[in-house]
Amino acid sequence: KFFLEWYSSALKAHGARVLAEAREALAGRARISGKVAGIHWWYDSDSHAAEVTAGYYNANSHDAYDEIAQLFAAQGAALDFTCLEMRNSEQPMECRSNPEELVQQVITAAEAHGVHFGGENALPRFDQGAYNEILHYQDHLNSLTYLRLSHQLTQSGNLALFKNFVSALHWTGASPPA
């Protein structure tokens, strides 16, 4: 526990310094945002081994993402989180992965501290299932970064799916256009 607390604290202190420097350098001319990795492997285990290895102490009654959201709130920064397109059912069972619950934990932490929540996809996915998963979090998103804009996006009907996805992001009616 000592090492995990020390490691996590050292990384949070570094993050606070980086965000403070960015805030000072930009002097209010732009909103700052920091990316928090979506480390979903072993999320459904007591140890949260992948997260703690990365310095996210999300075990032993510690809520790493609540602590990170507090840090972001103190610096006036938005939080950008990855893996929004991932579904639990698509992950190998042996990895004890749970990206959906992880994303929800981060959203809850950000909202509890008044931190703008932004998200992004982690993988080059161009399918309706991935888009629907991102849309599932739409009401919580302050911003969205779509990664992996590539030639593949323009192939095999992918561009039409992407166009519908973007339209659905902007939709404010009872249900998005098909």
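Now for a look at the structure at hand. (Residues numbered from 1 in each chain as written. Predicted model: local features only at pLDDT ≥ 70, side-chain atom pairs only at ≥ 80, totals over all residues. Heavy atoms only, no water.)

Put simply, helix α1 (residues 2-26) and helix α3 (residues 64-75) touch, their axes get as near as 9 Å, and they point 25° apart. By the angle between their directions, the pair α1 and α3 is classed as roughly parallel. The interaxial crossing formed by α1 with α3 has right-handed handedness. Side by side, α1 and α3 meet where Ser-8, Lys-12, Gly-15, Ala-16, Leu-19, Ala-20 and Arg-23 of the first sit next to Glu-67, Leu-71, Phe-72, Ala-74 and Gln-75 of the second. Its residues placed into classes, the contact of α1 with α3 shows six nonpolar, three polar and three charged. (Axes fitted to C-alpha atoms, helices over the stretch in contact; angles between N-to-C directions. Helix = DSSP H or I, 4+ residues; strand = E, 2+ residues; numbered from the N terminus. Parallel < 35°, antiparallel > 145°, perpendicular 65-115°, else oblique. Left-handed = near helix turned anticlockwise from the far one by under 90°. Contact = heavy atoms within 4.5 Å. Nonpolar A, V, L, I, M, F, W, Y, C, P; charged D, E, K, R; others polar.)

All right, on to helix α6 (residues 158-170) then. With 13 residues, α6 ought to run about 18 Å at 1.5 Å a step, and its terminal C-alpha atoms sit 19 Å apart, in line with that. Residues Asn-158, Phe-162, Phe-165 and Ala-168 constitute the buried set of α6. Projected onto a plane normal to the axis of α6, the buried residues spread over an arc of 120° and lie on a single side. With respect to the buried face of α6, the exposed residues turned more than 90 degrees away are Lys-163 and His-170. (Expected span 1.5 Å × (residues − 1). Buried < 20%, exposed > 50% of the residue type's maximum accessible area, 1.4 Å probe, protein only. Arc of directions from axis to C-beta.)

Further remarks concern the side chain of Glu-85. Within the secondary structure, Glu-85 sits in the loop between β2 (78-81) and α4 (99-112). Buried charged residue Glu-85 carries no salt bridge. Nearest counter-charge: Arg-125, at 5.4 Å. Within the structure, the side chain of Glu-85 is placed 2.9 Å from the backbone nitrogen of Ala-122, a separation counted as a polar contact. Setting aside residues no more than four positions away along its own chain, Glu-85 makes contact with Glu-90, Glu-120, Asn-121, Ala-122, Leu-123, Arg-125, Ala-130, Glu-133 and Ile-134. (Lys, Arg positive; Asp, Glu negative; His and termini not counted. Salt bridge = Lys/Arg side-chain N within 4 Å of Asp/Glu carboxyl O. Polar contact = N/O pair within 3.5 Å; in protein donor to acceptor, adjacent residues only side chain to side chain.)

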